[in-house]
Amino acid sequence: MSSMSSVAGLSKYITTLPKTEKSITAMFIISFISGAVYFIINPSPELGMVENIILGGLFSSIILGISSIIGGGVNQQIVSGLHGINLKIKHSMFLSALSMTIVCILLIIGGILTHFFETDFFLNSLLFGCVLIYGVNTLVFWTTSKISFTKAATVGIIQPLIMLAMYVLITFLVTDTSFLGSDLIQMTIKVIIASIIFILAIYSFITIAGSPLKKNLGIGMLDLLSLFIAHMNEGSNSLESLFENMSETVETMVTFISFKGKNGIKSLFISPFVHPGPLGDLGGSNMPTILANKFDHFTMVAHGPSTHDFNPVRTTEIDKIENAVKEGLEEIEYAKDASIFTRYNSEKANIGVQFFNKGMVILSTFAPNDSDDIEFGVGLTMMTQSKSKCDVKDSVIVDCHNSFAPESGEVLPGNEEVFQLIDVIDKIQCNHQRDTLKIGCYENIMQDLNKNEGVGESGIKTMVVEVANQRTAYVLFDSNNMEIGFRQEIIDATKDLDIDEIEVMTTDTHTVNTISRGYNPIGIVKRDEIIEYVKISINEAIKDLEEVEVGTGTKRIKNLHTFGPNNSTELISTISSIVAVSKIIAPVLLITALVIVFIWIFYGGL
């Protein structure tokens, strides 16, 4: 598995937590049932079965349920008071419910052992469970709330402390007053020493796991994690400031085609050499929609040759792309001059070429084979080569980004695909007959589809270009790549429409990457509905056909703050290595600590 794949796979752990009311209800139910089960396994001989169930349920509900509900509320208030982030009341209650469930499971296991070995394991099971959830709570608060380890460890002890205090109180009031003597002292010493052992193991693990990120990029792993969670939970863009600290300034470019009708610009087709990432609404992730919305006319923002190295670190960086395009539009010379759309291929490389006035567009795809981003340098080579071969002023290179598999690799210098692209560009016939042209446009946000289906904010945009009685449909989904094979399925499904050629593209928006699949290409689900949208968009675009003039442009984008060629690779590879190493270190370190704690609590004599 590639580094990028392993990092993207982490998003499968992203989930929506239940509402506060559900967590509270669950705590009452789970605690009552676990107490009832314990008393069924080890009933009091003086009571009947029904009395044992009721007494056990109430006993557990008070010690575990009520304690956890109080702990959840107190934890949230204290973390907020410490200026921690991410811990809303529903998060705190869910954590309390989860922690309480861990204790309940351990008590039931202890009850089973008590039944078979005729030794009372209840207290030791409770102590072990409290130590375990103390570590869990501390780990969660420290890694997600952006508070110090000391503060996290202090807050983390609240829930288990309330549980133990409630147990001591109930025991004192109901059963055995002698418990306040040596037993209480022994319990206290056991808990303190066991907690220190476990908490030091957690501290050691996080310190070891986070050190590569701090050393290589100067950013803290916990800062990265907590701000990422803040973005997922609240849409906070605070993570952009962290990216900015590790950013690099690059010079890149944007190419575009402008179609002008009787009422001014009718359509704008843009291909920026800027990558729409990293994910969610951070940086340039929603660039295709944000950039398109900056223009008053129909605008398609395709995926230009770029990788995560060229992710803008802030959404405001998109303004620089806008300014470059608008500056270029002022310089365009228009003419009623275009060629038909022609396809060429060389091994895996396939391109569709169409000439517009003094420029040309190259739509590149490796379908039906899988592929991912075309690197900037490779795209620049394609641009230079095609401009030289066909003697054009502008060459608009588009990475159609329409054939994805989980192990799809980027097209980087030195890959065989690069030479296939060079070979296929050499096959272009540059002297096509020119004619006047018409275009028709249509867009639909596909409101009944969303990120779950791999569809971003802009939905689908279609432009039909008619030249010399040939109609070509440029179909652009606001999506991050396309499930392998779906492109051909769309092409086959549109053969009966009034078009001669079609190419299907995606914007590579990373707004759809915030859900549980990580990579989320369009076409995994609801293919029939998506194809229906394609058909509608093409038919509507045909109805909109009108004669236009066309011009092309290329502008440089200077001082664009991006992840940078070095930092992007470093970040992905470092996170990937942390994940890989943690899979080894975490079990060894934490299980060893738990074994020591278990032995100390169950067999440590005082």
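Below you will find a few notes about this structure.

Criteria and thresholds
- Residues numbered from 1 in each chain as written.
- Predicted model: local features only at pLDDT ≥ 70, side-chain atom pairs only at ≥ 80, totals over all residues.
- Heavy atoms only, no water.
- Phe/Tyr/Trp six-rings, centres within 6.5 Å; stacked < 30°, edge-to-face > 60°.
- Helix = DSSP H or I, 4+ residues; strand = E, 2+ residues; numbered from the N terminus.
- Buried < 20%, exposed > 50% of the residue type's maximum accessible area, 1.4 Å probe, protein only.
- Pairing = 2+ DSSP bridges.
- Patch = residues over 30% accessible without salt bridge, like charges linked within 9 Å, V, L, I, M, F, W, Y side chains within 5 Å.
- Areas by Shrake-Rupley, 256 points an atom, 1.4 Å probe, with all protein chains shown as cover.
- Salt bridge = Lys/Arg side-chain N within 4 Å of Asp/Glu carboxyl O.
- Axes fitted to C-alpha atoms, helices over the stretch in contact; angles between N-to-C directions.
- Parallel < 35°, antiparallel > 145°, perpendicular 65-115°, else oblique.
- Left-handed = near helix turned anticlockwise from the far one by under 90°.
- Contact = heavy atoms within 4.5 Å.
- Nonpolar A, V, L, I, M, F, W, Y, C, P; charged D, E, K, R; others polar.
- Lys, Arg positive; Asp, Glu negative; His and termini not counted.
- Polar contact = N/O pair within 3.5 Å; in protein donor to acceptor, adjacent residues only side chain to side chain.
- Disulfide = S-S within 2.5 Å.

Next up on the list: the packing of aromatic side chains. Applying the stated criterion across every chain, the model contains 18 aromatic pairs. For the ring pair Phe-59 and Phe-122, a centre distance of 6.1 Å and an interplane angle of 45 degrees mean the geometry is tilted. Separated by 63 residues along the polypeptide, Phe-59 in helix α3 (residues 49-81) and Phe-122 in helix α5 (residues 122-144) bring together distant segments of the chain. Accessibility expressed as a relative area gives 23% for Phe-59, which makes it partly exposed. Relative to Phe-356, the ring of Phe-259 has its centre 5.4 Å away and its plane inclined at 90 degrees; by these criteria the two rings are edge-to-face. Placement of Phe-259 in strand β1 (residues 248-261) and of Phe-356 in strand β5 (residues 349-356) is noted, with a sequence separation of 97 residues between them. Each member of the pair Phe-259 and Phe-356 is classed as buried.

Extensive coverage of strand β9 (residues 460-467) is indicated by the burial of eight of its eight residues. Side chains of β9 alternate between two faces, with Ile-460, Thr-462, Val-464 and Glu-466 and Lys-461, Met-463, Val-465 and Val-467 buried alike. Bridge count between strand β8 (residues 437-444) and β9: eight bridges; the pairing is antiparallel. For Ile-439, the partnering residue across the bridge sits in β9 and is Val-465. In the sheet, β9 pairs with strand β10 (residues 470-477) via eight bridges, with the strands oriented antiparallel. In the sheet register, Met-463 faces β10, and the bridge partner there is Tyr-474. Hairpin connection from β9 to β10: two residues lie between these consecutive antiparallel strands, with Ala-468 at a positive phi of about 50 degrees.

Attention shifts here to a nonpolar patch on the surface. Residues Phe-28, Ile-29, Phe-32, Ile-33, Val-50, Ile-54, Leu-58, Ile-62, Ile-66, Ile-70, Val-74 and Ile-78 make up a contiguous nonpolar surface patch of roughly 940 Å² in combined accessible area. Of all the secondary structure elements, the ones that give two or more residues to the nonpolar patch are α2 (20-41) and α3. The biggest single contributor to the nonpolar patch is α3, with eight residues. Relative to the assigned elements, Phe-28 resides in helix α2.

Let us look at unusual backbone geometry. Following Gly-277, the chain continues into Pro-278 via a peptide bond in cis, with omega recorded as 15 degrees. Of note, Pro-278 is situated in the loop between β2 (264-272) and α11 (287-292). Note that the residue after Ala-367, namely Pro-368, is joined by a cis bond; omega there is 10 degrees. With respect to the element layout, Pro-368 can be found in the loop between β6 (359-365) and α13 (376-390). One non-glycine residue, His-83, adopts positive backbone phi at about 65 degrees. The topology assignment puts His-83 in the loop between α3 and α4 (89-117). Located in the positive-phi region is Asn-357, a residue other than glycine, with phi close to 55 degrees. In this structure, Asn-357 sits in the loop between β5 and β6. Overall, the relative accessible area of 12% leaves Asn-357 in the buried class.

We now examine the packing of helix α15 (residues 486-493) against helix α16 (residues 527-543). Between α15 and α16, the shortest axis-to-axis distance is 10 Å and the interhelical angle comes to 50 degrees. By the angle between their directions, the pair α15 and α16 is classed as oblique. Between α15 and α16 lies a crossing of right-handed hand. Facing α15, whose interface residues are Phe-486, Glu-489, Ile-490 and Ala-493, α16 presents Arg-527, Ile-530, Ile-531, Val-534 and Lys-535. Taken together, the residues of the contact of α15 with α16 sort by class into six nonpolar, no polar and three charged.

For the rest of this paragraph, the subject is the sheet that holds β10. Reading across the sheet, the eight strands line up as β3-β2-β1-β12-β8-β9-β10-β11 and stay open at both edges, with mixed pairing between neighbours. Of all the strands in the sheet, the pair left with one neighbour each is β3 (298-301) and β11 (501-506). On average, adjacent strands in this sheet sit at an angle of 20 degrees to one another, irrespective of strand direction. Here β2 pairs with β3 via four bridges, running parallel. In the sheet register, Ser-267 faces β3, and the bridge partner there is Phe-298. Strand contacts of helix α12 (residues 318-329): β1, β2 and β12 (546-562), with the helix running at about 140 degrees to β12, the strand carrying the most contacts.

Attention now moves to the sheet that holds strand β7 (residues 394-399). Strand order in the open sheet made by the four strands is β4-β5-β6-β7, with mixed pairing throughout. Among the strands making up the open sheet, the edge pair consists of β4 (342-346) and β7. Direction aside, the axes of adjacent strands within the sheet are offset by 25 degrees on average. Here β6 runs beside β7; their pairing, made up of six bridges, is parallel. For Ser-364, the partnering residue across the bridge sits in β7 and is Asp-399.

Following the sequence through the fold, Asp-478 ends up in the loop between β10 and α15. Despite being buried, Asp-478 has no salt bridge partner; Lys-461 is the closest side chain of opposite charge, sitting 7.9 Å away. In this structure the side chain of Asp-478 is engaged in a polar contact, spanning 2.8 Å, whose partner is the side chain of Thr-507. Non-local contacts of Asp-478, meaning those with residues more than four positions away in its chain, are made with Pro-288, Thr-289, Gly-454, Val-455, Gly-456, Glu-457, Ser-458, Gly-459, Thr-507 and Thr-509.

The next thing to look at is the pattern of salt bridges. Tallying each qualifying case throughout the model produces 24 salt bridges. Across the pair Glu-546 and Lys-266 runs a salt bridge, and its minimum N-O distance is 3.1 Å. Of this pair, Glu-546 sits in strand β12 while Lys-266 sits in strand β2, and the two are 280 residues apart along the sequence. With relative accessibility at 21%, the residue Glu-546 sits in the partly exposed group. A single network of salt bridges, built from pairs that share partners, joins Lys-294, Asp-319, Glu-322 and Lys-326.

Attention now moves to the state of the cysteines. Tallied over the full model, the rule gives one disulfide. The residue that forms a disulfide with Cys-390 is Cys-430, at a sulfur-sulfur distance of 2.0 Å. Its torsion about the S-S bond being -50 degrees, the disulfide of Cys-390 and Cys-430 is classed as left-handed. With Cys-390 in helix α13 and Cys-430 in the loop between α14 (416-426) and β8, the pair connects residues that are 40 residues apart, well separated along the chain. The closest cysteine sulfur to the non-disulfide-bonded Cys-104 is located on Cys-130, 11 Å from its own sulfur. We classify Cys-104 as buried; its relative accessible area is 3%. We classify Cys-130 as buried; its relative accessible area is 2%.

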